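Here's the letter readout for the chains.
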Amino acid sequence: MTLLFYSETDAPEPWRDAFARALPQLPFRVWPEPGADEAVRYALVWKPEPGLLSRLPNLKAIVSLGAGVDHILRDPQLPQGVPIIRLLDAGFAQQMAEYSAYAVLHFQHRMQEFLAQQSNADWRQLDPGLTRDWNVGVMGLGVIGGHIAQRLAALGFPVLGWSRSARRIDGIDSFHGDSGLQQFLPRARVVVNVLPLTPETEGILDARRFALMPRGAFVVNIGRGAHLIEQDLLDALDAGQLGGAMLDVFRKEPLPSDHPFWRHPKIVVTPHVAGVTIPSEAESQVIEIVKTLERGEMPPGVVDRSRGY
Ligand SMILES: NC(=O)c1ccc[n+]([C@@H]2O[C@H](COP(=O)([O-])OP(=O)(O)OC[C@H]3O[C@@H](n4cnc5c(N)ncnc54)[C@H](OP(=O)(O)O)[C@@H]3O)[C@@H](O)[C@H]2O)c1
């Protein structure tokens, strides 16, 4: 039996070392190294090539190298009945709470305008307003979103949260479902999206939702690129309905060099770094997942395929 590692962006060496230390009896094969596909029992993957997993007849579990699983579920030949397990926090929550706090403070403290002023040596004081007047809405109140909401609240921001089912988090004004979204958006001066990408959430950041937000509101997208309708964002920014956006994820990554987002004065682009998989933070969880499966038990983090997350 073998573990197959597939990622075009994560270095395999730290994972190979971690498995050699913790499970020396489990051979570790890095795709595209040759080997017997019949021997593969576990696949540890990030954006696996469609069709790859269906070629592994004895696959017992698919483990995502991230918190999201849209990169696995998009495979039309994905083997049925094989459990998919995702990472729970594994270091993402703190990184993404810091990114979100930075983004909210960037907009509140008028950094977008100060950077533009600096390029013209323009000395002009602008008011950040009171923190208690900056309502922040977090879309997605799961492992990561729940942590982001609490960290923003600890900074003094009034925080609203939105999820699919009703969630209760101390100090957070929670909304859920479609009707909840209609109440949530008009109150959110900054929206931080950290939803999973599913058929229900694809394209959720669109003109209709932007129109519900207060005029001049800001959008921070750290969920997935396909949550955003790109042209709707450009239109809302140009019309002043939105005041700015900080974007970490894109429909096409890397973002093509001629994409209008790169040069838009009201958009900050970061290259999918809001929450990265750091092996030293995540390896104990991944190893525990494999050990649990080896005992014939199911680890936490099993994905509900019908929900898509
Ligand atoms: N940019 C990056 O670097 C980066 C890094 C890591 C993760 N991510 C993204 O962050 C996402 C969230 O991760 P997580 O671990 O926090 O996931 P999670 O624990 O599964 O939480 C997902 C949250 O989204 C809500 N949700 C799902 N579908 C919904 C819908 N149709 N309407 C309203 N709410 C909905 C869920 O509602 P319920 O509470 O009712 O289930 C839950 O609160 C990942 O899927 C990934 O896309 C991005």
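What comes next is a walk through the structure. The structure displayed is predicted, hence computed values, not measured ones.

The subject of this paragraph is the overall build of the protein chain. Per the secondary structure count, the protein chain includes nine helices and 12 strands. Relative to a compact globule of 309 residues, whose C-alpha radius of gyration would be 19 Å, the protein chain shows 21 Å and is just as compact. Its C-alpha atoms give the protein chain principal-axis dimensions of roughly 65 × 40 × 35 Å. Split into buried and exposed, the 309 residues of the protein chain put 52% on the buried side. Excluding contacts between residues fewer than 6 apart, the proportion of contacts in the protein chain whose partners are at least 24 apart in sequence is 62%. Summed over its atoms, the accessible surface of the protein chain is roughly 14,700 Å², and 53% of this surface lies on carbon and sulfur atoms. Distance from the positive charge centre (30 side chains) to the negative charge centre (35 side chains) of the protein chain: 3 Å.

Under the criterion given, the structure shown has 13 salt bridges. A salt bridge links Arg21 to Glu283; the nearest nitrogen and oxygen atoms lie 3.3 Å apart. Placement of the pair is Arg21 in helix H1 (residues 13–22) and Glu283 in helix H9 (residues 279–294), with a sequence separation of 262 residues. Ionic pairing is found between Arg124 and Asp122, a salt bridge with its closest N-O pair at 3.0 Å.

Let us now look at the packing of H1 against H9. Orientation of H1 relative to H9, taken along the N-to-C sense of each, is 45 degrees, at an axis distance of 10 Å. Between H1 and H9, the angle is such that the two are oblique. The handedness of the crossing between H1 and H9 is right-handed. For the pair formed by H1 and H9, the contact residues are Pro14, Trp15, Ala18, Phe19, Arg21 and Ala22 on the first element and Pro279, Ala282, Glu283, Val286, Ile287, Val290 and Lys291 on the second. A per-class count over the contact of H1 with H9 returns 10 nonpolar, no polar and three charged.

Next up on the list: the packing of aromatic side chains. Taken as a whole and assessed by the stated rule, the structure comprises seven aromatic pairs. Ring geometry for Phe19 and Phe28: centres 5.6 Å apart, planes at 35 degrees, overall tilted. In terms of burial, Phe19 and Phe28 fall into one category: buried. Measuring from ring centre to ring centre gives 5.9 Å for Trp134 and Phe218, while their planes differ by 25 degrees; the resulting arrangement is stacked. Here Phe218 lies in strand S10 (residues 217–221) and Trp134 lies in the loop between helix H4 (111–118) and strand S6 (136–139), a separation of 84 residues in the sequence. The buried category is assigned to Trp134, whose relative accessible area is 4%. According to the relative accessible area criterion, Phe218 is buried, its value standing at 11%. Taken together, Phe5, Phe19 and Phe28 form an aromatic cluster joined through their ring pairs. For Arg189, the ring lying beneath its charged end belongs to Trp134, and the centroid distance is 3.8 Å. For Arg307, the ring lying beneath its charged end belongs to Tyr309, and the centroid distance is 3.9 Å.

Right, let's get into the packing of helix H3 (residues 92–108) against helix H5 (residues 143–154). How two helices pack is summed up by the angle between their axes together with the distance between the axes. Axis separation between H3 and H5 bottoms out at 8 Å; the angle between their running directions is 45 degrees. Comparing the axis directions of H3 and H5 gives the class oblique. The element H3 and its partner H5 pack so that their crossing is right-handed. Residue-level inspection shows Phe92, Ala93, Gln94, Met96, Ala97, Glu98, Ser100, Ala101 and Val104 of H3 in contact with H5, the latter providing Val143, Ile144, His147, Ile148, Arg151 and Leu152. Residues that form the contact of H3 with H5 fall into these classes: 10 nonpolar, three polar and two charged.

So, about helix H8 (residues 230–238). Those residues of H8 not exposed but buried are Glu230, Asp232, Leu233, Leu234, Ala236 and Leu237. Packed against the buried residues of H8 are helix H7 (207–212), strand S11 (242–247) and strand S12 (267–269).

Spatially, S8-S7-S6-S9-S10-S11-S12 is the arrangement adopted by the seven strands of the open sheet, whose pairing is parallel. Bordering the open sheet on either side are strand S8 (172–176) and S12, each of which pairs with just one other strand. If you compare each strand with its neighbour and ignore which way they point, the axes differ by 15 degrees on average. When strand S9 (residues 190–193) meets S10, the two strands line up parallel, connected through four bridges.

Around the ligand, 29 residues are found, and the nearest of them are Arg86, Ile144, Ser165, Arg167 and Tyr309. Within the contact set of the ligand, an oxygen atom lies 2.9 Å away from a backbone nitrogen or oxygen of Ile144. In the model, a nitrogen atom of the ligand is placed 3.0 Å from a nitrogen or oxygen of the Ile222 main chain. Burial of the ligand by the protein chains amounts to 94% of its free accessible area of 940 Å². Put simply, the parts of the chain that give the shell around the ligand at least two residues each are H5 and strand S7 (159–163).

Reading the values: the criteria
- Residues numbered from 1 in each chain as written.
- Predicted model: local features only at pLDDT ≥ 70, side-chain atom pairs only at ≥ 80, totals over all residues.
- Heavy atoms only, no water.
- Helix = DSSP H or I, 4+ residues; strand = E, 2+ residues; numbered from the N terminus.
- Rg over C-alpha atoms; globule rule 2.2 N^0.38 Å.
- Buried < 20%, exposed > 50% of the residue type's maximum accessible area, 1.4 Å probe, protein only.
- Contact = heavy atoms within 4.5 Å.
- Areas by Shrake-Rupley, 256 points an atom, 1.4 Å probe, with all protein chains shown as cover.
- Lys, Arg positive; Asp, Glu negative; His and termini not counted.
- Charge placed at Lys NZ, Arg CZ, Asp CG, Glu CD.
- Salt bridge = Lys/Arg side-chain N within 4 Å of Asp/Glu carboxyl O.
- Axes fitted to C-alpha atoms, helices over the stretch in contact; angles between N-to-C directions.
- Parallel < 35°, antiparallel > 145°, perpendicular 65-115°, else oblique.
- Left-handed = near helix turned anticlockwise from the far one by under 90°.
- Nonpolar A, V, L, I, M, F, W, Y, C, P; charged D, E, K, R; others polar.
- Phe/Tyr/Trp six-rings, centres within 6.5 Å; stacked < 30°, edge-to-face > 60°.
- Lys NZ or Arg CZ within 6 Å of the ring centre and 35° of its normal.
- Pairing = 2+ DSSP bridges.
- Near = heavy atom within 4 Å.
- Polar contact = N/O pair within 3.5 Å; in protein donor to acceptor, adjacent residues only side chain to side chain.

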